[in-house]
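# Remarks on the overall topology
Chain by chain, the residues:
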Amino acid sequence: MKGSPMLICIPDISGFTEFMSETDFELSSKIIPALLNQIIYTNKIGLKVSEIEGDAVLFFKTGEMPNLETLIEQCRVFYTEFYKELDSLREKYKSNKDAAVIPEILGLKIILHYGKEIALTKVGNRIKLFGEDLIIAHKLLKNKIKLSEYLLLTDGLTNYYKENNLNDKFDWGSLKQNSTEYNHVGEINYSYINLKPLVKE
């Protein structure tokens, strides 16, 4: 199995466990698949789906990378269209007593990572990804960020796009720096920005 450079993008639904445990199962079994489908359908930059992981979509891209502005705009679209779907689903299922809490509990966080060595292999009829960089991307779903909805960019990604001025790419807020220590992979540095200003409270 030979590794190659790869872009990893993981849009992850926050509040998933709370929503599944506190709302009617018939409702949640319709809402979560609809939201995951919305994320997949609003992919406009040729990201490929490796896996759907309950409350997240694992996207990847090899070969020519999108420019940074295009990538960030895609993340903006993921988030704003996710909220449009939340509102639509709340209206669609308003006869269910739990429908009103859909936008209150659920949200979206997005992890972006560029790994230098990730392998692709076929398992059954699915393409599986392997490598330490994939592990790093997944571990970053648990971090020190005190927000429920954000866009996280690893140093691996920002270093790849180092010729770009990141400050020019965010007109809804400013990037903050942080890091988290993980067993076996050490300290991972990243930047993040709050996504909430993209939608009205």
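For the structure itself, look to the data block above.
Residues numbered from 1 in each chain as written. Predicted model: local features only at pLDDT ≥ 70, side-chain atom pairs only at ≥ 80, totals over all residues. Heavy atoms only, no water.

Take the overall build of the protein chain next. Helix and strand content of the protein chain: six helices and eight strands. Written out in order from the N terminus, the α and β elements of the protein chain read β-α-α-β-β-α-α-β-β-α-β-α-β-β. Scaling as 2.2 N^0.38, a compact globule of 201 residues should have a C-alpha radius of gyration of about 17 Å, and the protein chain matches this with 17 Å. With the principal axes as the frame, the protein chain shows a C-alpha extent of 50 × 45 × 35 Å. Here the protein chain, with 201 residues, has 49% of them falling under the buried criterion. The contacts in the protein chain between residues at least 6 apart in sequence include a share of 70% that link residues at least 24 apart. Counting only carbon and sulfur atoms, one obtains 47% of the accessible surface of the protein chain, whose full area is about 10,500 Å². (Helix = DSSP H or I, 4+ residues; strand = E, 2+ residues; numbered from the N terminus. Rg over C-alpha atoms; globule rule 2.2 N^0.38 Å. Buried < 20%, exposed > 50% of the residue type's maximum accessible area, 1.4 Å probe, protein only. Contact = heavy atoms within 4.5 Å. Areas by Shrake-Rupley, 256 points an atom, 1.4 Å probe, with all protein chains shown as cover.)

Another point: unusual backbone geometry. Phi is positive for His184, close to 75°, though the residue is something other than glycine. Residue position: His184 is located in the loop between β7 (176-182) and β8 (186-194).

Quick look at the nonpolar core now. Ile31, Leu106, Leu151 and Phe170 are the most contacted members of the largest nonpolar core, which has 47 residues in total. Every element with two or more residues in this core is listed here: β1 (3-14), α2 (25-41), β3 (57-61), α3 (68-92), α4 (102-105), β4 (107-123) and β6 (150-154). If one sorts the elements of this core by residue count, α3 sits on top with ten residues. Residue contacts for Leu151: discarding those within four places in its chain leaves Cys75, Ile110, Leu112, Phe170, Ser191, Tyr192, Ile193 and Leu195. Counting 22 residues, the second largest nonpolar core, distinct from the first, contains Met6, Ala56, Tyr190 and Tyr192. (Core = buried A, V, L, I, M, F, W, Y, C linked by side-chain atoms within 4.5 Å.)

On to the packing of aromatic side chains. One pass over the structure, following the stated rule, counts six aromatic pairs. Centroid distance Tyr79 to Tyr83: 5.1 Å. Interplanar angle 55°. Geometry classified as tilted. With Tyr79 and Tyr83 both in helix α3, this residue pair falls four residues apart, about one helical turn. Tyr83 shares its class with Tyr79; the two are buried. (Phe/Tyr/Trp six-rings, centres within 6.5 Å; stacked < 30°, edge-to-face > 60°.)

Looking now at the environment of Asn165. Along the chain, Asn165 falls in the loop between α6 (155-160) and β7. In this structure the C-alpha to C-alpha distance between Asn165 and Asp155, which are ten residues apart in sequence, comes to 14 Å. Of note is the side chain of Asn165, whose polar atom sits 3.1 Å from the backbone nitrogen of Asn167. (Polar contact = N/O pair within 3.5 Å; in protein donor to acceptor, adjacent residues only side chain to side chain.)

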